[in-house]
Amino acid sequence: MIPPKLKPGDEIRIIAPSKSLGIIAREVREIARRRLEEMGFRVTISKHAEEMDRFRSSSAEARLEDLHEAFADPKVKGILTAIGGYNCNQLLKNLDYDLIRKNPKVFCGYSDITALQNAIYAKTGLVTYSGPHFSSFGMKKGFEYTMDSFRKCLMGEEPFSVRPSPAWSDDLWFQDQENRRFIPNDGWFVLSPGEARGKVIGGNLSTFVLLHGTEYLPDLADAILFLEDDGEVHPELFDRYLQSLLHQPGFDRVKGLVIGRFQRDSRMSRDVLAAIIRSKPELTGIPVVADLDFGHTVPFFTFPIGGQARLTAREDEAELILLTH
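Definitions and limits used
Residues numbered from 1 in each chain as written. Predicted model: local features only at pLDDT ≥ 70, side-chain atom pairs only at ≥ 80, totals over all residues. Heavy atoms only, no water. Helix = DSSP H or I, 4+ residues; strand = E, 2+ residues; numbered from the N terminus. Buried < 20%, exposed > 50% of the residue type's maximum accessible area, 1.4 Å probe, protein only. Contact = heavy atoms within 4.5 Å. Axes fitted to C-alpha atoms, helices over the stretch in contact; angles between N-to-C directions. Parallel < 35°, antiparallel > 145°, perpendicular 65-115°, else oblique. Left-handed = near helix turned anticlockwise from the far one by under 90°. Nonpolar A, V, L, I, M, F, W, Y, C, P; charged D, E, K, R; others polar. Salt bridge = Lys/Arg side-chain N within 4 Å of Asp/Glu carboxyl O. Pairing = 2+ DSSP bridges. Domains from an automatic or database assignment. Buried area = accessible area lost by both parts, 1.4 Å probe. Polar contact = N/O pair within 3.5 Å; in protein donor to acceptor, adjacent residues only side chain to side chain. Phe/Tyr/Trp six-rings, centres within 6.5 Å; stacked < 30°, edge-to-face > 60°. Lys NZ or Arg CZ within 6 Å of the ring centre and 35° of its normal.

Undergrad: Summarise the environment of A82; cite the residues concerned and give the values.
TA: Within the fold, A82 resides in the loop between β3 (76-81) and α3 (97-102). The exposure class assigned to A82 is buried, which follows from its relative accessible area of 0%. Put simply, A82 and R29 are 53 residues apart on the chain and 9.4 Å apart in space, counted from C-alpha to C-alpha. If sequence neighbours within four positions are ignored, A82 has contacts with I14, I15, A16, L21, H133, F134 and S135.

Undergrad: Which residues make up the packing of helix α7 (residues 235-246) against helix α8 (residues 270-278), and what values go with them?
TA: Contact geometry of α7 with α8 gives a least axis separation of 11 Å together with a crossing angle of 25°. Between α7 and α8, the angle is such that the two are roughly parallel. In this structure, the crossing between α7 and α8 has a hand that is right-handed. Of α8, the residues touching α7 (which contributes P235, F238, D239 and L242) are V272, L273, I276 and I277. Taken together, the residues of the contact of α7 with α8 break down into seven nonpolar, no polar and one charged.

Undergrad: Talk me through the pattern of salt bridges; I want residue IDs and the actual numbers.
TA: Under the counting rule described, the total for this entry stands at 24 salt bridges. One salt bridge connects K123 with E215, and the closest N-O pair in it is separated by 2.4 Å. With K123 in helix α4 (residues 114-124) and E215 in the loop between α6 (205-208) and β11 (223-228), this residue pair connects regions lying 92 residues apart in the sequence. Overall, K123 belongs to the partly exposed group, its relative accessible area being 27%. Salt-bridge contacts for K141 lead to E178; the nearest nitrogen and oxygen are separated by 3.6 Å. Of the two residues, K141 is situated in the loop between β5 (128-130) and α5 (144-154) and E178 in the loop between β7 (167-168) and β8 (183-184); the sequence distance between them amounts to 37 residues.

Undergrad: Tell me about the pairing of strand β16 (residues 318-324), residues and numbers included.
TA: Bridge analysis of strand β6 (residues 160-162) against β16 gives three bridges, and the strand direction is antiparallel. The partner of V162 across the bridge, within β16, is L320. The sheet contact formed by strand β15 (residues 308-313) and β16 spans six bridges and is antiparallel. When the sheet's bridge partners are listed, T312 is paired in β16 with E319. Turn length for the β15-β16 hairpin, with the two strands adjacent in sequence and antiparallel, is four residues.

Undergrad: Pulling in residues and values, what's your account of the sheet that holds β16?
TA: Spatially, eight strands are ordered β6-β16-β15-β10-β11-β12-β13-β9 in an open sheet, and the strand pairing comes out mixed. In this open sheet, the two edge strands, each paired with only one partner strand, are β6 and β9 (189-192). Adjacent strand axes in the sheet meet at a mean angle of 40°, parallel and antiparallel pairs treated alike.

Undergrad: Break down the domain arrangement of the protein for me, citing the residues and quoting the values.
TA: On domain assignment, one finds that the protein holds domain 1 (11-138) and domain 2 (160-324). Summarising the inter-unit geometry, the C-alpha centres of domain 1 and domain 2 are found 23 Å apart. Of the roughly 2,100 Å² buried where domain 1 meets domain 2, counting both sides, 62% is carbon and sulfur surface. Among the residues of domain 1 in contact with domain 2, N118, Y121 and S130 are the three that bury the most area, contributing 25% of the side total. On the surface where domain 1 and domain 2 come into contact, there are one salt bridge. The tally of links from domain 1 across to domain 2 stands at eight residue pairs in polar contact (both at pLDDT 80 or more). Sort the elements by how many residues they give to the side of domain 1 that touches domain 2 and α4 lands first, with eight residues. Classifying every residue of the side of domain 1 that touches domain 2 by side-chain character gives 14 nonpolar, eleven polar and three charged.

Undergrad: Please set out the packing of aromatic side chains residue by residue, giving values where relevant.
TA: Here the structure, examined in full by the defined rule, presents twelve aromatic pairs. With a centroid separation of 5.5 Å and 70° between ring planes, the pair formed by F294 and F301 is classed as edge-to-face. Take F301: its relative accessible area is 2%, and that puts it in the buried class. The interplanar angle of 75° and the centroid separation of 5.2 Å between the aromatic rings of F294 and F303 together place this pair among those described as edge-to-face. Overall, F294 belongs to the buried group, its relative accessible area being 2%. The residue whose ring lies beneath R54 is F55, and the NZ or CZ to ring-centre distance is 5.9 Å. Here the guanidinium or amino end of K123 rests over the ring plane of Y97, the centre of that ring lying 5.6 Å away.

See the structure below:
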């Protein structure tokens, strides 16, 4: 179930189902609002978005109220999360999935939001989107690639090819918007060749594994998995989380694997990642490609959780096309 595409004039609601909007600097919020308004959108903020407790979040009840209100409000056409965090999975049991199913609309964010996105898809069939938070739109420099993909995925209907960004950054852009370091992109690298077409599942791996053994984990059969993790996850943890995913029912029917770029703090290298992938016989015979532009470095492309993709990986090049989104 693909939600109606966004168009100029639509209202976008900002919610904070993980960390609070209150942790985002006023300047960043103002830039984000202005950028979305320049795209033609009307931006509204949910009632509890700025509430903050000792965990820099708000109560589960407040977060559920805002999420349900955003889906129920017929004026709201798109929902952007404020930022990620650690606790979205607190909301899964009490989400009103019937309400969401009856009011399909664009729902976009990444990182901890992975838990909500995959649960919503698993329980309702609604395609959700791993892409920029509201706070991401507050980035002054290096946002063009992210913006272009957001437009193609959430405002357009045609299939589109994903290409490597010209450059990327792993800096704390929100602390210093003017003095930033961009690194030339070496492109993707193929860990295992092959071709695949399937539904897109995944997002942040250390969040995705929280769904294992629950009714909120989507069916993995016929999926192309999109996986990434942040700087808190070093190679040994990534290996362990990946192995846990390989043990899930239906993994033997997974069609392909794409891995987002790792942050430098993760200490992951191409050689180490290649060794991890080689150690997994479950991945034999399916295409595996890494260093794609999604995850916790910037910029990043938007992809549809529950949409369809085609992945072609040869020894020295790869192609990814998002077919339905």
